[in-house]
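# Structural features, examined
Letter by letter, the chains look like this.
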Amino acid sequence: EVQLVESGGGTVEAGGSLKLSCVASGFDFKASYMTWARQRPGQRVERIASIDWNGERPDYADSVKGRFTISKDNDNNHVYLDMTALEPEDTALYQCARGYGSADEIDGIQYWQWDHLGQGIQVTVTS
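Parameters and conventions
Residues numbered from 1 in each chain as written. Predicted model: local features only at pLDDT ≥ 70, side-chain atom pairs only at ≥ 80, totals over all residues. Heavy atoms only, no water. Disulfide = S-S within 2.5 Å. Helix = DSSP H or I, 4+ residues; strand = E, 2+ residues; numbered from the N terminus. Buried < 20%, exposed > 50% of the residue type's maximum accessible area, 1.4 Å probe, protein only. Phe/Tyr/Trp six-rings, centres within 6.5 Å; stacked < 30°, edge-to-face > 60°. Pairing = 2+ DSSP bridges. Patch = residues over 30% accessible without salt bridge, like charges linked within 9 Å, V, L, I, M, F, W, Y side chains within 5 Å. Areas by Shrake-Rupley, 256 points an atom, 1.4 Å probe, with all protein chains shown as cover. Salt bridge = Lys/Arg side-chain N within 4 Å of Asp/Glu carboxyl O. Axes fitted to C-alpha atoms, helices over the stretch in contact; angles between N-to-C directions.

### Considering the state of the cysteines
Using the criterion set out here, one finds one disulfide in the structure. One disulfide bridge connects C22 with C96, the sulfur atoms lying 1.9 Å from each other. Remark: C96 occurs in strand β9 (residues 92–98) and C22 occurs in strand β3 (residues 18–25); sequence separation between them is 74 residues. Assessed through its relative accessible area of 1%, C22 is described here as buried. Assessed through its relative accessible area of 0%, C96 is described here as buried.

The structure is reproduced here in structure tokens:
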């Protein structure tokens, strides 16, 4: 059974930092792309960062580029998200996902899907 469990969320002031962790089990982690996604209040789930099976070639959404860093530890089945310069607009439920994901575009809006998503961890950024 695939399990993805996130930790490290919380409440932080704007400009602050948080580091999220996700521990994975039940699949070949070393052979898997991993992704962090988030769902802001009233909005669709968006892919914000992905990394390849070797922990290389990170790929970021424009909204977090330069502020967030994704990393992967294949020895311990963890994927991390270092978040800096946090803004109130980063307030969301953050979830880790197995794979890069796939998106359908409808009326210019992307709807992302993954086979496996964690339950998520809340991040709240206050102004």
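### Regarding the packing of aromatic side chains
Counted according to the given criterion, the structure contains five aromatic pairs. Between Y33 and W53 the ring centres are 5.3 Å apart and the planes differ by 75°, which places this aromatic pair in the edge-to-face class. Separated by 20 residues along the polypeptide, Y33 in the loop between β3 and β4 (34–39) and W53 in the loop between β5 (45–51) and β6 (59–60) bring together distant segments of the chain. Ring centres of Y33 and Y100 lie 6.1 Å apart, and the angle between their planes is 80°; on these two criteria the pair is classed as edge-to-face. One end of the pair, Y33, is in the loop between β3 and β4; the other, Y100, is in the loop between β9 and β10 (102–106), and 67 residues separate them in sequence. Site record: aromatic cluster; members linked through ring pairs are Y33, W53, Y100, W112 and W114.

### Description of the sheet that holds β4
Across the sheet, six strands lie side by side as β2-β12-β9-β4-β5-β6; this open sheet has mixed pairing. Only two strands of the sheet have a single partner each, and these edge strands are β2 (10–13) and β6. Examined bridge by bridge, β4 and β5 share six bridges and lie antiparallel to one another. Counterpart to Q39 in the pairing with β5 is V45.

### Topic: a nonpolar patch on the surface
Taken together, the side chains of I106, I109 and Y111 present a nonpolar region at the surface, about 260 Å² in accessible area. If you trace the backbone, I106 turns up in strand β10. Overall, I106 belongs to the partly exposed group, its relative accessible area being 48%.

### Quick word on the sheet that holds β3
Taken together, the four strands give an open sheet; going across it, the order is β1-β3-β8-β7, and neighbouring strands pair in antiparallel fashion. What marks the edges here is a single partner per strand, and that holds for β1 (3–7) and β7 (68–73). The average undirected angle you get between the axes of adjacent strands in this sheet is 15°. Here β3 runs beside strand β8 (residues 78–83); their pairing, made up of six bridges, is antiparallel.

### Notes on the pattern of salt bridges
Overall, the coordinates contain seven salt bridges when judged by the stated rule. Put simply, E46 and R38 hold a salt bridge, and the shortest N to O gap is 2.8 Å. Across the pair, exposure class does not vary: E46 and R38 are buried alike. The residue D90 makes a salt bridge to R38 at a minimum N-O spacing of 2.9 Å. Placement of the pair is D90 in the loop between β8 and β9 and R38 in strand β4, with a sequence separation of 52 residues. Among the charged side chains, a salt-bridge network with shared partners connects R38, R40, E46, R67 and D90.

So yeah, pure geometry; function would need other evidence.
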